[in-house]
Structures are given as C-alpha cells and as structure tokens.
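Examining the three-dimensional arrangement
Here are the chains, one letter per residue:
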2 protein chains.
Amino acid sequence: MARPRTRLLDRDRITIGALELIDRDGDFTMPGLARHLGVQVSSVYHHVPGGRNEVIEMVRVRVTNRVDGSAFDHLPWEEALPVWGRSFLAAFTAHPFAIRLLATEPVRDPSLIAVYSSVAAGLRRAGFPDDQIIAVITAAENFFVGSALNMTAPDIMVTPSSDGDADLLAALRAAPHGAGRAKLAFDVGIRALIGGFRDMLDEHRLSDHKPDPSDTG
Amino acid sequence: MARPRTRLLDRDRITIGALELIDRDGDFTMPGLARHLGVQVSSVYHHVPGGRNEVIEMVRVRVTNRVDGSAFDHLPWEEALPVWGRSFLAAFTAHPFAIRLLATEPVRDPSLIAVYSSVAAGLRRAGFPDDQIIAVITAAENFFVGSALNMTAPDIMVTPSSDGDADLLAALRAAPHGAGRAKLAFDVGIRALIGGFRDMLDEHRLSDHKPDPSDTG
DNA sequence: ACCTGAACACCGTTCAAGT
DNA sequence: ACCTGAACACCGTTCAAGT
C-alpha cells in the first residue's frame, strides 16, 4: 500500500479539500486536511513541499481565479468597473470564511495579471493618465477587499449609552439590516468611486493633452 | 515567589508586550509572550481568561483607539473625511504587521462608537439621507481597511509575458514605486469617494426635502 | 514517484499547588 | 488574588522505509 497503483493525491485535490474544510470550519489544519483526504500528512507534503503556507496560496489562487476583468474589453469603464467589483465580491462570498485567511496576503498569480491588463487597457483607452492608472486600480481593489471582509462582519450594535449617539442611532435605525447592509455599502461605495474617477478624468481631459473634439480651445 | 509583593502583570502590560512581539515578528505565541514578559504562560491566562483570542482583541482595541473621528465635530464633512481616513491609516502604519492579525475581525469597542457617532452626526448635519449614512460610513471604512492591508503589500511585478500586457506595463512604469505607491492609491481613492459622495448629496438635496435656501422652487 | 509510520519541537490551554 | 510548574492534546514539519 506504500505506492498505490492509482494516484491518491494531487495538488488539485489538496486545494479542493482545503477549501472544503475552510468552508465548513472557517480554517484547516494539515492533519485535518490529510484525514479529510484519507491519506497521511506526509503524503500531502510530498505534493506540497511548502506546507501549509503553500496550501493557503493554492486556495488563494483558486478562489481569486474567478475574478474577471474582461468587462473592460468590451464595455465603457464606468460599466466595467462594477462588473469587475461584483465578480471580486462574488468570488469571496462563494467562500465566506476564506477571505479572512486569504486577504492578508496579496495574490501573486499570472491569472490575475490578465485581469490587471484588461483593467489597465480599459482605463488607458478612456483617457486616464498613465501615472494614475495603477493608483485607480489599487484604490478600487482596496475597496473590494475591505468590502469582502465586511460581508462576513455582523451588524454594528450600539446601546444608546451616551447622548451623543442620537445621530448614530437614527442612522442605524434607518439603515437596512442583515444581508442588505453590506450590499448597500458596496453599491454606495462603487457609485461614489465611479463618480469621483469620472471627475478626475474630466479634469485631466480639460487641463491636458487629449482635448475633447468639441473643445474650441 | 508564587505571589510577588509587586504585581508582575496586568492586562495593559500583556497588551503592550503582545504588540511589541507583533511589531518585531509579525505574530506572537502565548509562550513567547510569557517569555517576553518574564512570567509563566499560566500567569498570562490568569489575567486573560479568553487566552490568545482575547489578547488579540485587546491589541485590536489598543491600536484602533488611535482612530479619530472628531474632525467631523468642527470641520465640513469633505475635510473631515480624509482626516478620519488618515488617522485610520496612521493607526495601522504605526504597527504595519498588526493589520494582518486584526483586520479579519471587526472591532467591537465602545471607543469606536464615539468615532461612528461623530461621523454620523457630521454626515447628518451635511444633509446625507438617514438611510444612507451607515452605508457611506461602511464604504469609507472598507476602503480604509483595504488600504491599510495594501500598505504592507509589495509592489506588483509583471514580467511582460503576453502582448496584452503592454498597457499594464506602461501604467506600472509611470506609477510611483515603494512607499509612494500605496499613498497615491489612498489619495486617489479618498478624493474619488469624496467627489462621489458629494454628487450623491447634491442629488438628494435637489430631489428632496431640504431645499437650498437660494432655490426659487 | 508516491505513500506510510513514527518522530520532534512547539503551541494553546488547564489545573493543582504555593504564598 | 497572583504566580509557578507540570501536564495534555494537538499542530506543522521531517525523514527513513516501503513499493
């Protein structure tokens, strides 16, 4: 039984198994993963020399692979941005616990380069200045990451201890609860970002190189 | 020596010790913390019954205590928002490794309620609709959390593998590197959010209850 | 190459025992 | 109340040994 005729393990099965445990328990251990896969821990190490950290990286790549920036290839950037953002959110809401394990380290995977390439190309075509494109992408993604983390957070609860909390209490009363809370925050944020980026783009267009055809100056 | 005449330990010293280890190593263990404090592990547990999780929560409270929303008490919201955001960033850049340990769980501390109260009151005074205030606060904070996580991330490196990466490469070449990268992304994002929130506010003012005094309607 | 079985250092937590 | 010392179950990782 030391070398079975049919492969018991490969990196894909290990990744999926770890993701199953994360979805079930919110975390995973190497012995737990091996048990889940019906093998010994040392067998897992044979396929994943980097150990637990590498398993987490593999899960990270698998989850973020569903992030899709291709909307920038065929839509105006104002429409593509929320599509990109929603695919980001969807990738992590499909594995609500995973974000807490994955968000703390940036993804360093070729498949994400394709996403950034589409977004950068779209923004460049729209006329965003070269030296701000990475900043725009990063700002949007920072908002997405924070939003994904926030999706798993419980509602804020405030006991009206101090008198100064009246406004906060009124706002909390008027705000949606449960699942709608995080969704509204995402919608409000992405709309604000798009509006703000549009202003930035208009300013640059007025002051700079690429004059609007209808411009008399 | 079982009960020293002078206290060796208290919750504050434990919190500070843990933060020192996090700043030094990026993480901490309970035995390591005890060693750092010159006591036995079980002594730490006497002061912190909740164990490691509670220590992390104590560190979280201590770090986030430096977040300050009081700018909303005496400044227009457009100026107060970046001040709040920068205090948030500063709290975590003072402990760069801490964010990775702390961001994955929301803070549930009375001192943060005061921050939210100031922000909510300021936004309400400015005329933001009650049912959107929590969403605005959450959206901003999500951006801050993502930005704080991003501060510790290394620069994106792209090897020009595919031809489709030309735009991305141009953007990366034109973007600032090192410390300026995350800072520019934060500035761009916060400016965009303010602009977008202002549009939202104007729309609401035009369509709704609070007419502008100079309005003839 | 692929898997087993046993081992090692270390971690989080507990608890009886001291003052 | 506050701290010690020893213990327990468990984790991440390694390595010689089998086919």
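Look up: the structure comes first, before these words.
Residues numbered from 1 in each chain as written. Chains lettered and ligands numbered in written order. Predicted model: local features only at pLDDT ≥ 70, side-chain atom pairs only at ≥ 80, totals over all residues. Heavy atoms only, no water.

Some details on the overall build of chain A
From N to C terminus, chain A includes 10 helices and zero strands. Going from N to C terminus, chain A has its helices and strands arranged as α-α-α-α-α-α-α-α-α-α. For 217 residues, the compact-globule estimate of 2.2 N^0.38 gives 17 Å, and the C-alpha radius of gyration of chain A, at 22 Å, exceeds that figure by more than 25%. Taken along the three principal axes of its C-alpha coordinates, chain A extends 80 × 50 × 25 Å. (Helix = DSSP H or I, 4+ residues; strand = E, 2+ residues; numbered from the N terminus. Rg over C-alpha atoms; globule rule 2.2 N^0.38 Å.)

Some thoughts on the relation of the copies chain A and chain B
Take chain A, turn it by 180 degrees, move it 0.0 Å along the axis, and it overlays chain B with an RMSD of 0.1 Å. Expressed as an axis order, the relation between the two copies is that of a two-fold axis. Interface overlap between copies: 100% of the residues of chain A at the interface are likewise at the interface in chain B, consistent with a symmetric, same-surface contact. (Least-squares fit on C-alpha atoms with pLDDT ≥ 70 in both. Contact = heavy atoms within 4.5 Å.)

Thoughts on the nonpolar core
Grouped together as the largest cluster of nonpolar side chains are 139 residues, with contacts concentrated most on Phe197 of chain A together with Phe197 of chain B. When near neighbours in sequence (up to four residues on either side) are disregarded, Phe197 of chain A contacts Trp77, Leu81, Phe128, Val136 and Ala139 of chain A together with Val188 and Ala192 of chain B. (Core = buried A, V, L, I, M, F, W, Y, C linked by side-chain atoms within 4.5 Å. Buried < 20%, exposed > 50% of the residue type's maximum accessible area, 1.4 Å probe, protein only.)

Thoughts on the protein's contact with DNA strand C
DNA strand C sits among 23 residues. The nearest are Arg3, Leu8, Ser42 and His47 of chain A together with Met30 of chain B. By atom count, sugar and phosphate contribute 55% of the portion of DNA strand C lying within 4 Å of the protein. Contact between DNA strand C and Gln40 of chain A: a phosphate oxygen at 2.9 Å from a main-chain N or O atom of the residue. Residue classes in the surface near DNA strand C are distributed as 11 nonpolar, eight polar and four charged. (Near = heavy atom within 4 Å. Polar contact = N/O pair within 3.5 Å; in protein donor to acceptor, adjacent residues only side chain to side chain. Nonpolar A, V, L, I, M, F, W, Y, C, P; charged D, E, K, R; others polar.)

Some points on the packing of aromatic side chains
Residues and elements named next belong to chain A. Taken as a whole and assessed by the stated rule, the structure comprises 16 aromatic pairs over all chains. Here the aromatic rings of Phe143 and Phe186 are separated by 5.7 Å at their centres, their planes lie at 15 degrees, and the arrangement is stacked. Residue Phe143 is located in helix α8 (residues 130–151), and its partner Phe186 is located in helix α10 (residues 179–207); the two are separated by 43 residues in the primary sequence. By the burial criterion, Phe143 is buried, and Phe186 matches it. (Phe/Tyr/Trp six-rings, centres within 6.5 Å; stacked < 30°, edge-to-face > 60°.)

Notes on the pattern of salt bridges
Residue and element names in this part refer to chain B. What the rule picks out here adds up to 28 salt bridges over all chains. The residue Arg11 makes a salt bridge to Glu54 at a minimum N-O spacing of 3.0 Å. With Arg11 in helix α1 (residues 11–25) and Glu54 in helix α4 (residues 51–64), this pair connects stretches of sequence that are 43 residues apart. Overall, Arg11 belongs to the partly exposed group, its relative accessible area being 37%. Among the residues examined, Glu54 registers a relative accessible area of 23% and is labelled partly exposed. (Salt bridge = Lys/Arg side-chain N within 4 Å of Asp/Glu carboxyl O.)

Observations concerning the interface of chain A and chain B
Taken together, the contact pairs 56 residues of chain A with 56 residues of chain B. For the chain A and chain B pair, buried surface summed over both sides reaches about 4,500 Å², with 70% attributable to carbon and sulfur atoms. When the shortest N-O distance is used, the salt bridge between Arg100 of chain A and Glu105 of chain B registers 3.0 Å. Inspection of the region where chain A meets chain B yields seven residue pairs in polar contact (both at pLDDT 80 or more). Where the side of chain A that touches chain B is concerned, the elements lending two or more residues are α7 (110–126), α8, α9 (166–174) and α10 of chain A. Looking at the side of chain A that touches chain B, the element that brings in the most residues is α8 of chain A, giving 16 residues. Considering only residue class, the side of chain A that touches chain B consists of 33 nonpolar, 12 polar and 11 charged. (Buried area = accessible area lost by both parts, 1.4 Å probe.)

Some details on the packing of helix α6 (residues 77–93) of chain B against helix α9 (residues 130–151) of chain B
Residue and element names in this part refer to chain B. Interaxial distance between α6 and α9 falls to 10 Å at its minimum, and their mutual angle equals 35 degrees. Read as a crossing pair, α6 and α9 show a hand that is right-handed. Residues Leu81, Trp84, Gly85, Phe88, Leu89, Phe92 and Thr93 of α6 form the contact with α9, whose own contacting residues are Ile137, Ala140, Glu141, Phe144, Val145, Ser147, Ala148 and Met151. Taken together, the residues that form the contact of α6 with α9 break down as 11 nonpolar, three polar and one charged. (Axes fitted to C-alpha atoms, helices over the stretch in contact; angles between N-to-C directions. Left-handed = near helix turned anticlockwise from the far one by under 90°.)

A few points about the protein's contact with DNA strand D
What surrounds DNA strand D is a group of 23 residues, the closest being Met30 of chain A together with Arg3, Leu8, Ser42 and His47 of chain B. Backbone atoms, meaning sugar and phosphate, form 54% of the atoms of DNA strand D found within 4 Å of the protein. A distance of 2.9 Å separates a phosphate oxygen of DNA strand D from a polar atom in the backbone of Arg52 of chain A. Side-chain polar atom of Ser43 of chain B to a phosphate oxygen of DNA strand D: 2.6 Å apart, as the coordinates give it. Secondary-structure elements contributing two or more residues to the surface near DNA strand D are α2 (30–37), α3 (41–47) and α4 (51–64) of chain A together with α3 (41–47) of chain B. Counting residues per element, the surface near DNA strand D draws most heavily on α3 of chain B, which supplies four residues. Broken down by class, the residue content of the surface near DNA strand D amounts to 11 nonpolar, eight polar and four charged.

Brief notes about the environment of Tyr116 of chain A
Its location among the elements puts Tyr116 of chain A in helix α7. Tyr116 of chain A sits in the buried class, given a relative accessible area of 9%. Along the primary structure Tyr116 of chain A and Ser70 of chain A are separated by 46 residues, whereas in three dimensions their C-alpha atoms are 9.5 Å apart. Dropping the residues within four chain positions of it, Tyr116 of chain A is found in contact with Ile137 and Glu141 of chain A together with Ile156 and Leu168 of chain B.

Looking at the environment of Leu19 of chain B
Inspection of the secondary structure assignment puts Leu19 of chain B in helix α1. With sequence-adjacent residues up to four places away left out, Leu19 of chain B is seen in contact with Val59, Arg62, Val63 and His95 of chain B.

So far we have only geometry, and geometry alone does not tell us how the molecule works.
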